[in-house]
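Fold and geometry: a report
So you can see what is in the structure, the chains are spelled out below.
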Amino acid sequence: KDDNVRKAIAHTVDRNDLTKAGFESHGEDAGTLIPEIVLGSEAADRIKPLPLNRNEAKKLLDTAGWMPTLANGMRAKDGRPLVLRLLLSRPDDQAKVAQALKAQLAEVGIGMEVQDPGGDTPFTKINNATFDLFLDVRAQDDANPCALCRFFTLRPGGQLSFASSVGGGPKVDDAYDRLFSAPSIDTARRTAAEIMQVVTVERITAVSIASLRTEWLISPRVRGFDPAALPG
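We now turn to the structure provided with this report.

Calculation notes
- Every residue gets a number counted from 1 within its own chain, in the order that chain's sequence is written.
- Reporting of local features is limited, given that this is a predicted model, to residues whose pLDDT is at least 70; pairs of side-chain atoms are given and counted only at 80 or more, and all residues count toward the totals for whole chains, interfaces and linings.
- Each side-chain value is derived from all of the structure's non-hydrogen atoms; neither hydrogens nor water enter the calculation.
- Axis definition: a line fitted to C-alpha atoms, over the contacting stretch in the case of helices. Angles run 0 to 180 degrees between N-to-C directions.
- For the purposes of this entry, the term helix denotes a DSSP run of H or I that reaches at least four residues, the term strand denotes a run of E that reaches at least two, and both are numbered from the N terminus.
- Crossing handedness is read from the near helix: turned anticlockwise from the far helix by less than a right angle, it gives a left-handed crossing, and turned clockwise, a right-handed one.
- Contact definition: two residues touch when any of their heavy atoms are within 4.5 Å.
- Classification used: nonpolar for Ala, Val, Leu, Ile, Met, Phe, Trp, Tyr, Cys and Pro, charged for Asp, Glu, Lys and Arg, polar for all others including Gly.
- Here a polar contact is recorded for every N or O atom pair within 3.5 Å, except that within protein the pair must consist of a potential hydrogen donor and a potential acceptor, and residues adjacent in sequence are included only if both atoms are side-chain atoms.
- Only rings of Phe, Tyr and Trp enter the pairing, Trp through its six-membered ring, and a pair is recorded when the two centres are within 6.5 Å. The plane angle decides the type: under 30 degrees is stacked, over 60 is edge-to-face, the rest tilted.
- Here's how the labels work: a residue is buried when its accessible area is under 20% of the maximum for its type, exposed when over 50%, partly exposed in between, all with a 1.4 Å probe on protein chains only.
- In this analysis, strands are considered paired if DSSP registers two or more bridges between them.
- Expected span of a helix: the number of residues minus one, times 1.5 Å.
- Here the bend at a residue means the angle between the axes of two seven-residue stretches, the one that ends at it and the one that starts at it.
- Excluding any residue in a salt bridge, patches collect residues exceeding 30% relative accessible area, merging like charges within 9 Å and nonpolar Val, Leu, Ile, Met, Phe, Trp and Tyr side chains within 5 Å.
- For the area figures, the Shrake-Rupley method with a 1.4 Å probe applies, and any residue is considered shielded solely by the protein chains shown.
- Salt bridges are defined by distance alone: a side-chain nitrogen of Lys or Arg within 4 Å of a carboxyl oxygen of Asp or Glu.
- The convention is simple: Lys and Arg are positive, Asp and Glu are negative, and His and the chain ends are not counted.
- Throughout, a charge is located at the NZ atom of Lys, the CZ atom of Arg, the CG atom of Asp or the CD atom of Glu.

Further remarks concern the packing of helix H2 (residues 15-23) against helix H6 (residues 91-106). Where H2 meets H6, the closest approach of the two axes is 7 Å, and the angle between their N-to-C directions is 145 degrees. As H2 packs across H6, the resulting crossing turns out to be right-handed. Contacts between H2 and H6 involve Asp17, Leu18, Ala21, Gly22 and Phe23 on the former and, on the latter, Asp93, Lys96, Val97, Ala100, Leu101 and Gln104. Here the contact of H2 with H6 is composed, by residue class, of six nonpolar, two polar and three charged.

Have a look at this one:
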């Protein structure tokens, strides 16, 4: 809930390192949650994610009152250690990137532990807002430049179980409404970029890490194959 802590996390995350550690050759680091190939380079250029700057991250944590007072270099405030709980949507696939993220956060004095959802699914924890960080992968399964915007709005069509916890606020809700009356695909792309700027830079309710590729192995005899990325 602390703006300075969220900004500190955004300044700490090294997308390139996380992509290499967690996804190997299956993707590339990306500053936007919407793949640039869908958003378009002109719209993507409107998104200005916070740069990697761990000195700035430490200053922000100091400002928020989280001081490096523990013996292991971790930070605490009023006797409470700064340890964030991470939920994984796919634990078997995300363990490596989770460990890399843990090491990065430790560089600025933030602790992290992978949260066991217990008898609940990770999405139950999301719906109940009983988490600090959530690592997820979502398929860009159509050409709609704002298909992934639904996770950050409470408007009709939004993914309410997510947006209630990580929504972009009134500014994103209003932009989402405007999408449905956008006169052109370029206008829709610019509006989607506006939403991503709010979510990843202004409010920092999400931090983009990587765009992952879906790889297809097809016999040369196959003709007319039209791939569609669907969640597994």
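Attention shifts here to the side chain of Thr153. For Thr153, the location among the structural elements is in the loop between strand E6 (133-135) and helix H8 (160-166). There is a polar contact of 3.1 Å between the side chain of Thr153 and the backbone nitrogen of Arg155. Polar contacts involving the side chain of Thr153 include one to the side chain of Asp173, which spans 2.6 Å. Not counting residues within four places of it along the chain, the set of residues in contact with Thr153 comprises Gly158, Gln159, Leu160, Ala163, Val172, Asp173 and Tyr176.

What follows deals with the packing of aromatic side chains. Under the defined criterion, the tally for this structure stands at one aromatic pair. Judged by centre distance (6.5 Å) and plane angle (70 degrees), the ring pair of Phe131 and Phe134 falls under edge-to-face. For Phe131, a relative accessible area of 14% puts it in the buried group.

Right, let's get into the pairing of strand E4 (residues 83-88). Sheet topology places E4 next to strand E5 (residues 111-114); four bridges connect them, and they run parallel. Within E5, the position partnered with Arg85 by the bridge is Glu113. Pairing of E4 with E6, which is carried by three bridges, proceeds in the parallel orientation. Directly across from Leu88, in E6, lies its bridge partner Leu135.

Another aspect to go through is the side chain of Arg75. Of note, Arg75 is situated in the loop between helix H5 (54-63) and strand E2 (76-77). Engagement of the side chain of Arg75 in a polar contact is seen with the backbone oxygen of Trp66, the distance being 2.6 Å. What Arg75 contacts, discounting residues up to four positions off in sequence, is Lys58, Leu61, Asp62, Trp66, Met67, Pro68, Leu70, Arg80, Pro81, Leu82, Val108 and Gly109.

Once that is clear, we can look at H6. Helix length check: H6 (16 residues) gives 21 Å between terminal C-alpha atoms against 22 Å at 1.5 Å per residue, within 8%. Maximum bend of H6: about 30 degrees, positioned at Val97. Those residues of H6 that sit buried are Gln94, Val97, Ala98, Ala100, Leu101, Gln104 and Leu105. Next to the buried residues of H6 lie helix H1 (3-12), H2, H5, E4, E5 and E6.

This part takes up a negative patch on the surface. The grouping of Glu28, Asp29, Glu36, Glu42 and Asp45 at the surface amounts to a negative patch. Relative to the helices and strands, Asp45 resides in the loop between helix H4 (41-44) and H5.

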